[in-house]
Amino acid sequence: MRLTIARLALVAAAGLALTSCQSGSKTTSMPAGKSASLLAMEQVAIAAHKCWIASKDPAFKAYQMANELNSYSGTPRFLLVPAKHYGGKPLLVVQAQGNSSKVDVFGPLMAEPLGTRIGSDIARWQAGNPSCTAAA
């Protein structure tokens, strides 16, 4: 008899422990996915790194890329800065804001002859074409 009471008490305690672990709310919230701006910037940043930096493109030899995609401000971006002065003033800023997939490009490099190429590359990558050169 004592063994049965002990078993019942153990089962009751285990049941109580399991129910106390459950939350009061029956709805489960899914963690928010990546914002449209982050998705757009990841796509553009990967292509920019591959085509401009990793490929050792001579037009971009004087620059290095500083990624700031993990922005808590809702503005994922990357910068081109002087290769010999990583902490220097950005010469190019490529960013998107909030839940928009629109990518903005600005900075002194856009006023240089290289600006036309930068603009067309960014537009191509934003449209989903990861190639390093425009189709002829």
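Details of the structure are given in the entry above.
### Details of helix α3 (residues 114-126)
Okay, step 1: Under the 1.5 Å per step criterion, the end-to-end length of α3 is 18 Å for 13 residues, consistent within 8% with the ideal 18 Å.
Okay, step 2: For α3, every residue scored as buried is listed here: Leu114, Gly115, Ile118, Asp121, Ile122, Arg124 and Trp125.
Okay, step 3: Summarising the contacts, the buried residues of α3 are in contact with α2 (36-54), β1 (63-68), β2 (77-82), β3 (92-95) and β4 (104-106).

### Some points on the environment of Pro108
Okay, step 1: Along the chain, Pro108 turns up in the loop between β4 and α3.
Okay, step 2: Note: C-alpha distance between Pro108 and Pro90 (18 residues apart in sequence) is 8.4 Å.

### Comments concerning the sheet that holds β2
Okay, step 1: Pairing is antiparallel across the open sheet formed by four strands, whose spatial order is β1-β2-β3-β4. Strands with a single pairing partner mark the edges of an open sheet, and in this sheet they are β1 and β4. Each neighbouring strand pair of the sheet contributes to a mean axis angle of 15°, computed without reference to strand direction.
Okay, step 2: Relative to β3, β2 is paired through four bridges, and the arrangement is antiparallel. Bridging across to β3, Leu79 finds its partner in Val93.
Okay, step 3: Packed on one face of the sheet, α2 meets β1, β2 and β3 and runs near 25° to β2.

### Quick word on the packing of α2 against α3
Okay, step 1: Between α2 and α3, the least distance of the axes is 9 Å, while the angle of their chain directions is 130°. Regarding the angle of α2 to α3, the classification is oblique. Between α2 and α3 lies a crossing whose hand is right-handed. Here α2 contributes Gln43, Val44, Ala47, Ala48, Cys51 and Trp52 to the contact with α3, which in turn contributes Arg117, Ile118, Asp121, Ile122, Trp125 and Gln126.
Okay, step 2: Taken together, the residues of the contact of α2 with α3 break down into eight nonpolar, two polar and two charged.

### Details of unusual backbone geometry
Okay, step 1: Phi at Lys56 takes a positive value of approximately 60°, unusual for a residue other than glycine.
Okay, step 2: On the secondary structure map, Lys56 appears in the loop between α2 and β1.
Okay, step 3: Take Lys56: its relative accessible area is 70%, and that puts it in the exposed class.

### Quick look at the packing of aromatic side chains
Okay, step 1: One pass over the full model with this rule turns up three aromatic pairs.
Okay, step 2: Arranged with centres 4.4 Å apart and planes meeting at 10°, the rings of Trp52 and Phe60 form a pair that is stacked.
Okay, step 3: Judged by its relative accessible area of 1%, Phe60 falls in the buried class.
Okay, step 4: Ring centres of Trp52 and Trp125 lie 5.2 Å apart, and the angle between their planes is 55°; on these two criteria the pair is classed as tilted.

Analysis parameters
- Residues numbered from 1 in each chain as written.
- Predicted model: local features only at pLDDT ≥ 70, side-chain atom pairs only at ≥ 80, totals over all residues.
- Heavy atoms only, no water.
- Helix = DSSP H or I, 4+ residues; strand = E, 2+ residues; numbered from the N terminus.
- Expected span 1.5 Å × (residues − 1).
- Buried < 20%, exposed > 50% of the residue type's maximum accessible area, 1.4 Å probe, protein only.
- Contact = heavy atoms within 4.5 Å.
- Pairing = 2+ DSSP bridges.
- Axes fitted to C-alpha atoms, helices over the stretch in contact; angles between N-to-C directions.
- Parallel < 35°, antiparallel > 145°, perpendicular 65-115°, else oblique.
- Left-handed = near helix turned anticlockwise from the far one by under 90°.
- Nonpolar A, V, L, I, M, F, W, Y, C, P; charged D, E, K, R; others polar.
- Phe/Tyr/Trp six-rings, centres within 6.5 Å; stacked < 30°, edge-to-face > 60°.

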